[in-house]
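Chain by chain, the residues:
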Amino acid sequence: MTISNDSEFKAALSALPIAQQRLVAARFVESVLSVSKDPRIGNALLAAQRADIGAAELAAAFHAARSASVESYTPCGKEADWLCQAGHFVAKAALNSVMPAAQGANLAWDAAMNARMARASETIARGEGNDNQEAERQYRILSEFLTVMANRLSG
């Protein structure tokens, strides 16, 4: 399946069970992880990548990612630093990837949007502008993920 726009992207993400949304959300976070300096984000990413994660571990990862997100927000608002803001959006994307299912109906979509904001903030900080490459990258990530899942089911 090839994803070429946000309507297809959001519909495909919505159709995934929460466990698969979490796995693909982790890939979106991984795409922008270099912007974050907080080790809790890497730990949340590792948690989101585990298909066998238990509820207690998921809750611990969620609380750590939420702390990282909250802590990253305060300095960004005071300093108006775009790279700091990018790190905050990475933290929010990671938070979405480990969010308990009851709190978010489409956690992968939310993670994707925060990852896009992270990339946009980073490119603004570097004076590069935003050419929407992160959305295109996400379309490829999801298309590849869906292909792998379809191959597993058929083979």
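Residues numbered from 1 in each chain as written. Predicted model: local features only at pLDDT ≥ 70, side-chain atom pairs only at ≥ 80, totals over all residues. Heavy atoms only, no water.

Some points on the pattern of salt bridges
- Across all of its chains, the model carries nine salt bridges by this definition.
- In this structure, the salt-bridge partner of Arg119 is Glu122, at a minimum N-O distance of 2.6 Å. One end of the pair, Arg119, and the other, Glu122, are both in helix 6 (residues 107-125), three residues apart, so they sit about a helical turn from each other.
- Residue class for Arg119 comes out buried when judged on its relative accessible area of 15%.
- Where salt bridges share partners, they join Arg119, Glu122, Arg126, Glu134 and Arg137 into one cluster. (Salt bridge = Lys/Arg side-chain N within 4 Å of Asp/Glu carboxyl O. Helix = DSSP H or I, 4+ residues; strand = E, 2+ residues; numbered from the N terminus. Buried < 20%, exposed > 50% of the residue type's maximum accessible area, 1.4 Å probe, protein only.)

A look at the environment of Ser72
- If you trace the backbone, Ser72 turns up in helix 4 (residues 55-79).
- Other than its neighbours up to four places away in sequence, Ser72 contacts Cys84, His88 and Ala91.
- A polar side-chain atom of Ser72 sits 2.9 Å from the main-chain carbonyl oxygen of Ser69. (Contact = heavy atoms within 4.5 Å. Polar contact = N/O pair within 3.5 Å; in protein donor to acceptor, adjacent residues only side chain to side chain.)

Some points on the side chain of Asn96
- Inspection of the secondary structure puts Asn96 in helix 5 (residues 82-97).
- Leaving out residues up to four positions away in the same chain, Asn96 has contacts with Leu107, Asp110, Ala111 and Asn114.

Describing the packing of helix 2 (residues 18-32) against helix 7 (residues 133-154)
- At their nearest, the axes of helix 2 and helix 7 sit 10 Å apart, and the two run at 140 degrees to each other. Helix 7 is crossed by helix 2, and the crossing has right-handed handedness. The segment helix 2 lies against helix 7, with Gln20, Leu23, Val24, Arg27, Phe28, Ser31 and Val32 engaging Glu134, Arg137, Gln138, Ile141, Leu142, Phe145 and Met149.
- Across the contact of helix 2 with helix 7, the residue classes tally to eight nonpolar, three polar and three charged. (Axes fitted to C-alpha atoms, helices over the stretch in contact; angles between N-to-C directions. Left-handed = near helix turned anticlockwise from the far one by under 90°. Nonpolar A, V, L, I, M, F, W, Y, C, P; charged D, E, K, R; others polar.)

Quick look at the layout of surface pockets
- Here the largest pocket defines a volume of roughly 200 Å³.
- If you go around the largest pocket, the residues you meet are Val35, Ser36, Lys37, Asp38, Ile41, Ala68, Ser72, Leu83, Cys84, Gly87, His88 and Ala91.
- Broken down by element, the residue count for the lining of the largest pocket peaks at five residues, all from helix 5.
- For the lining of the largest pocket, the residue count by class is six nonpolar, four polar and two charged. (1 Å grid on protein atoms, 1.4 Å probe; cavity = no way out; pocket = protein on both sides within 12 Å on 5 of 7 lines; lining within 4 Å. Points joined across faces, edges and corners; volume = space filled by probe spheres on them.)

Considerations on the packing of aromatic side chains
- Evaluated as defined, the whole model comprises three aromatic pairs.
- Look at Phe9 and Trp109: their rings are 6.0 Å apart centre to centre, the planes differ by 55 degrees, and that puts the pair in the tilted class. Of this pair, Phe9 sits in helix 1 (residues 6-15) while Trp109 sits in helix 6; the two residues are 100 residues apart in sequence, bridging distant segments of the chain.
- Of the residues examined, Phe9 reaches a relative accessible area of 0% and is grouped as buried.
- A relative accessible area of 15% means that Trp109 is categorised as buried.
- Grouping aromatic residues by their ring pairs yields a cluster made of Phe9, Phe28, Trp109 and Tyr139. (Phe/Tyr/Trp six-rings, centres within 6.5 Å; stacked < 30°, edge-to-face > 60°.)

A look at the confidence of the model for the chain
- Considering every residue of the chain, the mean pLDDT works out to 90; 94% of them sit at 70 or more.
- Mean pLDDT across the secondary structure elements of the chain bottoms out at helix 4, with 84, and peaks at helix 1, with 96. (pLDDT = per-residue confidence, 0-100.)

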